[in-house]
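Each chain, letter by letter, is given below.
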Amino acid sequence: MKQALLFGCGSKNGIPIINSCLDANYHVTNIGSSAYNKKEVTNIQIKWSSLDIPFLHKALKLNHK
(Lines give C-alpha, C1' and ligand atoms only; values in the text may rest on other atoms or scores of the structure.)
Protein backbone atom coordinates (compact mmCIF):
# COMPACT_ATOMS: atom_id res chain seq x y z
CA MET A 1 0.00 0.00 0.00
CA LYS A 2 1.21 3.50 -0.79
CA GLN A 3 1.96 5.84 2.12
CA ALA A 4 1.22 9.57 2.45
CA LEU A 5 2.77 11.69 5.21
CA LEU A 6 0.74 14.85 5.78
CA PHE A 7 1.21 17.73 8.18
CA GLY A 8 -1.70 19.70 9.63
CA CYS A 9 -4.53 17.99 7.78
CA GLY A 10 -6.71 16.93 10.72
CA SER A 11 -8.92 20.01 10.69
CA LYS A 12 -11.73 20.86 8.27
CA ASN A 13 -9.38 22.49 5.76
CA GLY A 14 -7.29 19.33 5.50
CA ILE A 15 -10.18 16.90 5.06
CA PRO A 16 -10.23 17.18 1.23
CA ILE A 17 -6.49 16.46 1.12
CA ILE A 18 -6.81 13.36 3.30
CA ASN A 19 -9.88 12.15 1.40
CA SER A 20 -8.06 12.57 -1.93
CA CYS A 21 -5.17 10.47 -0.64
CA LEU A 22 -7.56 7.81 0.67
CA ASP A 23 -9.42 7.75 -2.66
CA ALA A 24 -6.06 7.10 -4.34
CA ASN A 25 -5.51 4.10 -2.00
CA TYR A 26 -2.89 5.69 0.23
CA HIS A 27 -2.52 4.90 3.91
CA VAL A 28 -2.28 8.35 5.49
CA THR A 29 -0.17 9.41 8.46
CA ASN A 30 -1.29 12.83 9.66
CA ILE A 31 0.95 14.82 11.99
CA GLY A 32 -0.68 17.82 13.62
CA SER A 33 -2.66 19.26 16.47
CA SER A 34 -5.96 17.78 15.23
CA ALA A 35 -6.81 14.15 14.51
CA TYR A 36 -8.80 12.83 11.55
CA ASN A 37 -10.91 9.87 12.66
CA LYS A 38 -10.82 7.15 10.04
CA LYS A 39 -9.25 3.72 10.42
CA GLU A 40 -7.07 4.24 7.35
CA VAL A 41 -5.45 7.32 8.95
CA THR A 42 -2.73 7.17 11.57
CA ASN A 43 -2.71 10.36 13.62
CA ILE A 44 0.28 11.66 15.54
CA GLN A 45 -0.99 14.55 17.62
CA ILE A 46 1.50 17.22 18.65
CA LYS A 47 1.78 20.76 19.84
CA TRP A 48 3.31 22.67 16.95
CA SER A 49 5.91 24.18 19.25
CA SER A 50 7.30 20.68 19.93
CA LEU A 51 7.77 19.73 16.27
CA ASP A 52 11.45 19.27 15.47
CA ILE A 53 13.68 16.77 13.70
CA PRO A 54 14.32 14.56 16.77
CA PHE A 55 10.55 14.33 17.36
CA LEU A 56 9.99 13.21 13.75
CA HIS A 57 12.77 10.61 13.97
CA LYS A 58 11.20 9.16 17.11
CA ALA A 59 7.56 9.35 15.96
CA LEU A 60 8.29 7.86 12.53
CA LYS A 61 10.87 5.39 13.86
CA LEU A 62 13.64 6.67 11.59
CA ASN A 63 17.23 5.61 12.21
CA HIS A 64 18.96 8.35 10.21
CA LYS A 65 21.30 10.77 11.92
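Use the structure listed above.
Predicted model only: the values in this text are computed from it and were never measured. (Residues numbered from 1 in each chain as written. Predicted model: local features only at pLDDT ≥ 70, side-chain atom pairs only at ≥ 80, totals over all residues. Heavy atoms only, no water.)

**Section: the pairing of strand β2 (residues 26-32)**
Then comes step 1: Of all seven residues in β2, five are buried; the element is thus mostly enclosed.
Then comes step 2: Two strands pair when backbone bridges link them, and strand β1 (residues 2-7) and β2 are joined in this way by six bridges, in the parallel orientation. Across the sheet, L6 pairs through a bridge with N30, a residue of β2.
Then comes step 3: The parallel pair β1 and β2 is bridged by helix α1 (residues 15-23), and the resulting crossover is right-handed.
Then comes step 4: Here β2 pairs with strand β3 (residues 41-45) via five bridges, running parallel. Counterpart to T29 in the pairing with β3 is T42. (Buried < 20%, exposed > 50% of the residue type's maximum accessible area, 1.4 Å probe, protein only. Helix = DSSP H or I, 4+ residues; strand = E, 2+ residues; numbered from the N terminus. Pairing = 2+ DSSP bridges. Right-handed = clockwise from strand over helix to strand, strands pointing away.)

**Thoughts on α1**
Then comes step 1: Considered for burial, the residues of α1 that qualify are I18, C21 and L22. Buried residues in α1, looked at end-on, bunch into an arc of 100°, giving them a common side.
Then comes step 2: Count one or two residues on from α1 and you reach N25, which has phi positive near 65°. (Arc of directions from axis to C-beta.)

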